Amino acid sequence: MDFPVPIAEDLAIALGIAQGESAFILKPHVVENDRITNVNAFVSRLAHLPKPEQDAILSEFSAKYLPAMMDRWATDLLPTTGFPREYFVLVNGYFWAVRIIYRLPYFGKFLMSKEPIAAPGKHFVTSLGARLTLFGLFHLPLPTEPPLQEGIEDFYLHPVFLAVTMLATILCMSSKRIERGKRVDISNEVLNSLLSLLDAWRNQRGHQDLADASNQLHWLLSSRSDDTRQCSRAMRKFYDNSSQCGLPGCEETENLKACARCLTVYYCCPEHQRAHWNSKESPPHKPVCFQTAY
Ligand SMILES: [Zn+2]
Ligand SMILES: [Zn+2]
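Residues numbered from 1 in each chain as written. Chains lettered and ligands numbered in written order. Predicted model: local features only at pLDDT ≥ 70, side-chain atom pairs only at ≥ 80, totals over all residues.

**Some words on the overall build of the protein chain**
Secondary structure summary: the protein chain contains 13 helices and two strands in total. Burial statistics for the protein chain: of 294 residues in total, 38% are counted as buried. Sequence-distant contacts in the protein chain: of pairs separated by 6 or more residues, those separated by 24 or more amount to 69%. (Helix = DSSP H or I, 4+ residues; strand = E, 2+ residues; numbered from the N terminus. Buried ≥ 20, exposed ≤ 12 C-beta atoms within 10 Å, placed from the backbone. Contact = placed C-beta atoms within 7 Å.)

**A few points about the packing of helix α7 (residues 123–139) against helix α9 (residues 188–202)**
Two elements in contact, α7 and α9, have axes whose closest approach is 9 Å; the angle formed by their N-to-C orientations is 55°. Here α7 is positioned oblique relative to α9, judged by the angle of their axes. For the crossing formed where α7 meets α9, the hand is left-handed. Note on element contacts: α9 touches α7 through Val 190, Ser 193, Leu 194 and Leu 197, opposite Gly 129, Ala 130, Leu 132, Thr 133, Gly 136 and Leu 137. Residue composition of the contact of α7 with α9, grouped by class: six nonpolar, four polar and no charged. (Axes fitted to C-alpha atoms, helices over the stretch in contact; angles between N-to-C directions. Parallel < 35°, antiparallel > 145°, perpendicular 65-115°, else oblique. Left-handed = near helix turned anticlockwise from the far one by under 90°. Nonpolar A, V, L, I, M, F, W, Y, C, P; charged D, E, K, R; others polar.)

**So, helix α3 (residues 51–75)**
With 25 residues, α3 extends just 31 Å between its outermost C-alpha atoms, more than 12% less than the 36 Å of an ideal straight helix rising 1.5 Å per residue. If you look at α3, its biggest bend is around 70°, right at Tyr 65, and the proline Pro 67 turns up within four residues after that. (Expected span 1.5 Å × (residues − 1). Bend = angle between axes of the 7 residues up to and from the residue.)

**Observations concerning unusual backbone geometry**
Of note in the backbone geometry, Asn 255 takes a positive phi value of approximately 50° without being a glycine. Examined against the element boundaries, Asn 255 turns out to sit in the loop between α12 (233–236) and β1 (257–258).

**Notes on the packing of helix α1 (residues 8–15) against helix α2 (residues 32–46)**
Viewed as axis vectors pointing N to C, α1 and α2 meet at an angle of 165°, and their least axial separation amounts to 8 Å. As far as their axial angle goes, α2 and α1 are roughly antiparallel. As for how α1 packs across α2, the hand of that crossing is left-handed. Residue-level inspection shows Asp 10, Leu 11, Ala 14 and Leu 15 of α1 in contact with α2, the latter providing Arg 35, Asn 38, Val 39 and Phe 42. Grouping the amino acids of the contact of α1 with α2 by side-chain chemistry returns five nonpolar, one polar and two charged.

**Overview of the confidence of the model for the protein chain**
On average, the protein chain scores 84 in pLDDT, and the residues at 70 or more come to 82%. The lowest-confidence element of the protein chain is α12, averaging 48 in pLDDT; the highest-confidence one is α1, averaging 98. Ignoring residues within four places in sequence, the model shows residues 177–183, a span with pLDDT below 50, making ten contacts including any to other chains. (pLDDT = per-residue confidence, 0-100.)

**Brief notes about the nonpolar core**
Counting residues in hydrophobic clusters, the biggest one holds 63 residues, and the most contacted among them are Leu 15, Met 69, Ala 97, Ala 163, Val 164, Leu 167 and Ala 168. Top element by residues in this core is helix α8 (residues 152–179). It accounts for twelve residues. Once residues within four sequence positions are removed from consideration, Val 164 is found in contact with Trp 201, Leu 210, Ala 213, Ser 214 and Leu 217. Counting residues in each nonpolar core, the second largest holds six residues, with Cys 245, Leu 247, Tyr 266 and Ala 275 among its members. (Core = buried A, V, L, I, M, F, W, Y, C linked by C-beta atoms within 7 Å.)

**Looking at the environment of His 29**
Position of His 29 among the secondary structure elements: in the loop between α1 and α2. Beyond its immediate stretch of four places on either side in the chain, His 29 contacts Gly 16, Asp 34, Arg 35 and Leu 78.

**Here we look at the environment of Ser 22**
One can find Ser 22 in the loop between α1 and α2. Distance from Ser 22 to Leu 11, taken between C-alpha atoms, is 8.9 Å for residues eleven residues apart in sequence. Apart from residues lying up to four places away in sequence, Ser 22 is in contact with Asp 10, Ile 13 and Ala 14.

**Here we look at α7**
The first and last C-alpha atoms of α7 sit 24 Å apart over 17 residues, in line with the 24 Å expected at 1.5 Å per residue. Among the residues of α7, those classed as buried are Phe 124, Leu 128, Gly 129, Arg 131, Leu 132, Thr 133, Phe 135 and Gly 136.

Listed below in structure tokens is the structure:
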């Protein structure tokens, strides 16, 4: 089936957070599986676009719809079919949407904002941690020796890998804020279960990516806050563009000023901001610059 080039509103409609016509509504939203189908139709069409175009579409979506989406993530799961409902508590339509936007600076901006669902900046981390734990506990015990049951990799280990990576990335991103006194708000009970699950996943033979990601998240969650400071700067840059001038090639880190419109990128001087706005050498800032309500 041929889909048109997607726009930001298509994802909002596929998620059910905006009304309207969209080629990506393959099924009306009756069960959660339908929302997943629609979101994944959007995601696979988007994947065919060049990266800068993907970023522009997803930045616009994030600027406009992140508060609505995260509100639904917290409250709105349709009836489900096929797998047990515990599966969809983690792996729902919103999960697949978060997966493609969580590395954008808008996601970090939202998590740190005063939006009720984001305040005090960590509710998404808390719920993602709790849902990953529920999902993991539900599916244990998992055989540690291959061969695994057919399909279990796609349906179990892949979402686990994605959720573990998301959590680790977001925790790295927020490590700077932790220094400023804000704590990651995962309850001790969830934390202890999650740590033992991560122990099992980091010993999962034949799944090196999952083992590495689990190892990293285990370290992040079990370290004291002053240890998380050592978290790699490269990962933090996914979110925290304030650490370096936004013009590619400029490594200035002092006296940076935010782009007044989006507040997601910082520059050392007005000349570099102007050079980046319509840059030909690197992806320009203009197509990903949006004002947000958060
Ligand atoms: Zn600069
Ligand atoms: Zn901007």
